[in-house]
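Summary of the model geometry
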Amino acid sequence: IRKFKNGRCSYQLACLHDGGLITDGVMLHFDKKKIWMVQADGELLTWYRAHANNFQVSIRDPNVWVSQVQGPKSMKLLRDLVDDRFPCPWRYFDFSEVTIAGESVIISRTGFSNELGWEFYLRPENNSEAIGDRIMDVGKKYDIMLTGTPVFRARRIEAGLLSAGADFDHSTTPFDVGLAKFVDLAKANFIGKSALSDSSKKSRTWGVKVKEGIAKKGPCYASDGKYIAKVTSSTWSPYLMCGVGIIRMVSPDWKAGMKIKLDILDGRSCEAELCRLPMYDVEGSIVRGKKTKLSFDS
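Anyway, here's the lowdown on the structure attached to this text. What you are looking at is a predicted structure, and each value in this text was computed from that prediction instead of being measured. Chains are numbered independently. Their residues run from 1 in the order of the written sequence. Side-chain atom pairs in this predicted model are given and counted only at pLDDT of 80 or more, local residue features only at pLDDT of at least 70, and totals for whole chains, interfaces and linings cover all residues. Calculation of side-chain values draws on the structure's entire complement of heavy atoms; hydrogens and water are dropped beforehand.

Side note on the overall build of the protein chain
- By the criteria applied, helices consist of DSSP H or I runs no shorter than four residues and strands consist of E runs no shorter than two, each listed in order from the N terminus. Along its length, the protein chain carries 5 helices and 13 strands.
- Computed over its C-alpha atoms, the radius of gyration of the protein chain comes to 21 Å, within 12% of the 19 Å expected for a compact globule of 298 residues.
- Across its three principal directions, the C-alpha atoms of the protein chain cover 65 × 50 × 30 Å.
- Should any heavy atoms of two residues lie within 4.5 Å, those residues are counted as being in contact. Of the contacts formed within the protein chain by residues at least 6 apart in sequence, a portion of 56% connects residues at least 24 apart.
- In summary, the charge assignment counts Lys and Arg as positive and Asp and Glu as negative, without counting His or the chain termini. Taken as the charge location is NZ of Lys, CZ of Arg, CG of Asp or CD of Glu. Taking the 44 positively charged and 35 negatively charged side chains of the protein chain as two groups, their mean positions are separated by 5 Å. With C-alpha atoms as the basis for the radius of gyration, the globule rule is written as 2.2 Å multiplied by the number of residues raised to the power 0.38.

Put into structure tokens, the structure is as follows:
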């Protein structure tokens, strides 16, 4: 983690000794002596403490809560929100400290939607209600909406953003779920390295598109009753006009373009097609602010 500069974020994984994934998250690099790990669901705090014995390190939960503002108008809203200076530079995966409603707030150019956007971190000393009220009040002219995870589920599935505990768990390695590029087996040592060095490097995780509905989450069986896959996330995509999901195959021999029979939410069984992740905008133009609109052939 020392290669990351101050004011930058990084995506990090944590594994068990057998190579199974505990969780993932975004790490904020304040300086060489202070980092925050903003984890998804998982036992990461306990894991850190369990392995801290041989290090000169203090580990604690700073009691920080994170939320996000996402969408093509999110940066315009941020410019109107900030009391003093707008962050500069402000690149994808930068973070900075700004003043909103008179409160000092840490923000990062990250999110769990793969849209242009930013996240904000509420510390115990913050007046969270004042910050939240200010965001919603200024956001009225940008048609801001207060939403929950179902609203951006389609975008994160289309982008291949995995949900901890759903799309991966202790039984899956980073390779199983397509996260090979975040594993550096050339490193001197890390927890799980031995097991990962010996494990299969092939991904078994794909996107899936269903024209006739939304795939039912759970196990999938072939006509002979053999267990062949598990749908780990699914929803309807207003952009692609079909059901979208993330599916983990038992065999690594499946490829994009192959067809599979899936149960859908209305009780029927229908054909679905495996696809690569992300499903579009492979170069990440949206999240970097280079594009706000895509054609269907993007």
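Overview of helix α4 (residues 149-158)
- Throughout, exposure labels follow a simple rule: accessible area from a 1.4 Å probe, protein chains only, divided by the maximum for the residue type, with under 20% read as buried, over 50% as exposed, and the rest as partly exposed. Those residues of α4 that fall on the buried side of the exposure criterion are Phe152, Ala154, Arg155, Arg156, Ile157 and Glu158.
- Of the surrounding secondary structure, the elements contacted by the buried residues of α4 are β4 (65-70), β10 (227-237) and β11 (242-249).
- Following α4 by one or two positions, Gly160 adopts a phi angle in the positive range, close to 75°.

Here we look at the pairing of strand β1 (residues 8-15)
- Where β1 meets strand β2 (residues 21-31), 8 bridges bridge the pair, whose relative direction is antiparallel. Among the inter-strand pairings, Cys9 is bridged to a residue of β2, identified as Leu28.
- If you look at the hairpin formed by β1 and β2, you'll find 5 residues sitting between the two strands, and Gly19 has a positive phi there, around 90°. Whether two strands pair comes down to DSSP finding at least two bridges between them.

Comments concerning unusual backbone geometry
- The omega torsion of the bond from Cys88 to Pro89 falls at 0°, within 30 degrees of zero and hence cis.
- If you trace the backbone, Pro89 turns up in the loop between α2 (74-81) and β5 (95-100).
- Residue Pro278 is bonded to the preceding Leu277 through a cis peptide linkage, with omega at 0°.
- As for its placement among the helices and strands, Pro278 is situated in the segment after β13 (269-275).

Considering the sheet that holds β5
- With antiparallel pairing, 4 strands are arranged side by side in an open sheet as β4-β7-β6-β5. Either end of the sheet is taken by a strand with one partner, and the two such strands are β4 and β5. Neighbour-to-neighbour, the strand axes of this sheet turn through a mean angle of 35°, independent of strand direction.
- In this structure, strand β6 (residues 103-108) lies alongside strand β7 (residues 117-122), joined through 3 bridges in antiparallel fashion. What sits directly across from Ile107, in β7, is Phe120.
- Axes here refer to lines fitted to C-alpha atoms; in helices the fit is confined to the stretch in contact. Angles between the N-to-C directions go from 0 to 180 degrees. Here helix α3 (residues 128-138) sits on the sheet in contact with β4, β5, β6 and β7, set at roughly 160° to β7.

Some details on the pairing of strand β9 (residues 218-221)
- Direction of pairing for β9 relative to β10: antiparallel, over a ladder of 4 bridges. Counterpart to Gly218 in the pairing with β10 is Val231.
- In sequence, β9 turns back onto β10 through a hairpin of 5 residues, with Gly225 there showing a positive phi of about 90°.

A short note on the packing of aromatic side chains
- In summary, the pairing rule links any two rings of Phe, Tyr or Trp, Trp by its six-membered ring, whose centres are within 6.5 Å, and it sorts them by plane angle into stacked for under 30 degrees, edge-to-face for over 60 and tilted for everything else. Per the stated rule, a full pass over the model turns up 11 aromatic pairs.
- Ring geometry for Trp36 versus Tyr121: centroids 6.2 Å apart, planes at 55°, classification tilted. Linking Trp36 in strand β3 (residues 34-39) with Tyr121 in strand β7, this pair joins segments that are 85 residues apart in sequence. The two residues Trp36 and Tyr121 agree in class, both being buried.
- Linked through ring pairs, Phe30, Trp36, Phe95 and Tyr121 together constitute an aromatic cluster.
- One cation-aromatic arrangement involves Lys34 over Phe30; the distance from NZ or CZ to the ring centre is 4.5 Å.
- The ring of Phe86 has Arg79 lying over it, and the distance from NZ or CZ to the ring centre is 4.0 Å. Ring-over charges, as used throughout, are those where CZ of Arg or NZ of Lys falls within 6 Å of the ring centre and within 35 degrees of the ring normal.

Quick word on the nonpolar core
- With 19 residues, the main nonpolar core has Leu77, Leu78, Leu81, Ile107, Trp118, Phe120 and Ile135 as its most contacted residues.
- Ranked by the residues each element gives to this core, the list is headed by α2, at 4 residues.
- If sequence neighbours within four positions are ignored, Phe120 has contacts with Trp65, Val66, Ser67, Gln68, Val69, Val105, Ile106, Ile107 and Ile135. Each nonpolar core is a collection of buried residues, namely Ala, Val, Leu, Ile, Met, Phe, Trp, Tyr and Cys, held together in the definition by side-chain atoms within 4.5 Å.

What about empty space enclosed by the protein?
- Both cavities and pockets are sets of points on a 1 Å grid over the protein atoms alone; in a cavity a 1.4 Å probe fits but cannot get out, in a pocket the set is open with protein on both sides within 12 Å along at least five of seven lines, and lining residues sit with an atom within 4 Å of a point. Grid points are joined across faces, edges and corners, and a volume is the space filled by probe spheres set on the points. Under the defined criterion, the tally for this structure stands at 1 cavity of 30 Å³ or more.
- Reported here for the largest cavity is a volume of approximately 30 Å³.
- Taken together, Pro72, Glu115, Leu116, Ile286, Lys291 and Thr292 form the lining of the largest cavity.
- The residue classification treats Ala, Val, Leu, Ile, Met, Phe, Trp, Tyr, Cys and Pro as nonpolar and Asp, Glu, Lys and Arg as charged. All others, Gly included, are polar. In terms of residue class, the lining of the largest cavity is built from 3 nonpolar, 1 polar and 2 charged.

Let's talk about the pattern of salt bridges
- What makes a salt bridge here is a side-chain nitrogen of Lys or Arg within 4 Å of a carboxyl oxygen of Asp or Glu, nothing more. In total, this model carries 14 salt bridges according to the counting rule given.
- The salt bridge partner of Lys140 is Asp137, with a shortest N-O separation of 3.7 Å.
- Residue Lys140 is classed as exposed on the basis of its relative accessible area, which comes to 60%.
- The exposure class assigned to Asp137 is partly exposed, which follows from its relative accessible area of 43%.
- Here Asp266 and Arg268 are joined by a salt bridge, their closest N and O atoms 2.9 Å apart.
- Arg268 sits in the partly exposed class, given a relative accessible area of 38%.
- Counted as one network, the salt bridges with shared partners bring together Arg8, Arg91 and Asp94.

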